[in-house]
Amino acid sequence: MEKERLELLTGVKKRNNDRVVADKMARTFAYRRQEVVNEPGIDEFKDRWPALFQQKEIIAEFQRLVALPLEQTFMTQLDSHSSQLIKVVQSKGGATRAKMPGIMKTYDEVEDIDIHRECVLKGLITFLEEDAQDLIKECCGRTQWR
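Since this is a predicted model, take the numbers as computed values, not measurements.

A. Quick look at the overall build of the protein. Helix and strand counts for the protein come out as 9 helices and 0 strands. By its C-alpha atoms, the protein is 55 × 30 × 25 Å across when sized along the principal axes. A burial count over the protein gives 29% of its 146 residues as buried. Sequence-distant contacts, at least 24 apart, represent 48% of the contacts inside the protein between residues at least 6 apart. When the accessible surface of the protein is totalled, it reaches about 10100 Å², and 53% of it is carbon and sulfur. Between the mean site of the 24 positive side-chain charges and the mean site of the 25 negative ones, the protein shows a separation of 3 Å.

As structure tokens, then:
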């Protein structure tokens, strides 16, 4: 398995090699799980398994772990909790409340589910006082919140 992992390190650096990387990640799943149990540091784990930190492999690893599609599961849960999340975000005062009217106006006026999701996520980012530029760089390959 260590040989497979080393080949994977080489494969990750090549362009248009997604299929080979996906195959090797699937084959080394049990080996990787054994390493996770030992609780390695993030930097060490990222050095040993760089493909695991790519979007396609995050999705595939989630599927391997829980046998559910990541994006669909996330969106379903986001949709089911959106109204409660919006209430929590709106309950905060101060600078956070001052930043919310534009987000809420869009949320209330637009019927598009993708726009609603974006508003909920932006509201959460504001609530958590995070910088959207640092937190979300890309959403579904379509939207860039920069």
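B. Structural detail: the packing of aromatic side chains. In this structure the tally under the stated criterion is 1 aromatic pair. Consider the rings of tyrosine 31 and tryptophan 49, whose centres lie 6.1 Å apart with planes at 70°: the pair is edge-to-face. One end of the pair, tyrosine 31, is in helix 3 (residues 29-37); the other, tryptophan 49, is in the loop between helix 4 (42-48) and helix 5 (55-66), with 18 residues separating them in the sequence. There is no split in this pair, since tyrosine 31 and tryptophan 49 are both buried. Residue placement shows arginine 32 over the ring face of tryptophan 49; its charged tip is 5.0 Å from the ring centre. Between the NZ or CZ atom of lysine 92 and the centre of the ring of phenylalanine 127, over which it lies, the distance is 5.0 Å.

C. Representation of the environment of alanine 51. As for its placement among the helices and strands, alanine 51 is situated in the loop between helix 4 and helix 5. The exposure class assigned to alanine 51 is buried, which follows from its relative accessible area of 0%. C-alpha of alanine 51 to C-alpha of aspartate 131: the two residues are 80 residues apart in sequence and 26 Å apart in space. The contacts of alanine 51, once residues within four sequence positions are left out, are Leu8, Val12, Val21, Met25 and Glu57.

D. Highlighting a nonpolar patch on the surface. A surface patch of nonpolar side chains, about 260 Å² in accessible area, is lined by Leu65, Val66 and Leu68. With respect to the helices and strands, leucine 65 occurs in helix 5. A relative accessible area of 54% places leucine 65 in the exposed class.

E. View of helix 5. With 12 residues, helix 5 extends 17 Å from end C-alpha to end C-alpha; this agrees with the ideal 16 Å at 1.5 Å per step. Just downstream of helix 5, alanine 67 is the residue with a positive phi angle, here 60°.

F. Local environment of the side chain of lysine 24. Relative to the elements of secondary structure, lysine 24 occurs in helix 2 (residues 18-27). Look past the residues within four positions of lysine 24 in its chain and what remains in contact with it is Glu4, Glu7 and Leu8.

G. Quick peek at the pattern of salt bridges. Under the definition given, this model contains 17 salt bridges. For aspartate 114, the salt bridge goes to arginine 117, with nearest N and O atoms at 3.4 Å. Of this pair, aspartate 114 and arginine 117 both sit in helix 8 (residues 113-127), 3 residues apart, roughly one helical turn. In this structure aspartate 114 comes out as partly exposed when scored by relative accessible area, which is 39%. Taking the relative accessible area as the measure of exposure, arginine 117 reaches 17% and is therefore buried. Residues joined by salt bridges that share partners form a network here, namely Lys3, Glu4, Glu7, Asp23, Lys24 and Arg27.

Rules behind the numbers
- Residues numbered from 1 in each chain as written.
- Predicted model: local features only at pLDDT ≥ 70, side-chain atom pairs only at ≥ 80, totals over all residues.
- Heavy atoms only, no water.
- Helix = DSSP H or I, 4+ residues; strand = E, 2+ residues; numbered from the N terminus.
- Buried < 20%, exposed > 50% of the residue type's maximum accessible area, 1.4 Å probe, protein only.
- Contact = heavy atoms within 4.5 Å.
- Areas by Shrake-Rupley, 256 points an atom, 1.4 Å probe, with all protein chains shown as cover.
- Lys, Arg positive; Asp, Glu negative; His and termini not counted.
- Charge placed at Lys NZ, Arg CZ, Asp CG, Glu CD.
- Phe/Tyr/Trp six-rings, centres within 6.5 Å; stacked < 30°, edge-to-face > 60°.
- Lys NZ or Arg CZ within 6 Å of the ring centre and 35° of its normal.
- Patch = residues over 30% accessible without salt bridge, like charges linked within 9 Å, V, L, I, M, F, W, Y side chains within 5 Å.
- Salt bridge = Lys/Arg side-chain N within 4 Å of Asp/Glu carboxyl O.
- Expected span 1.5 Å × (residues − 1).

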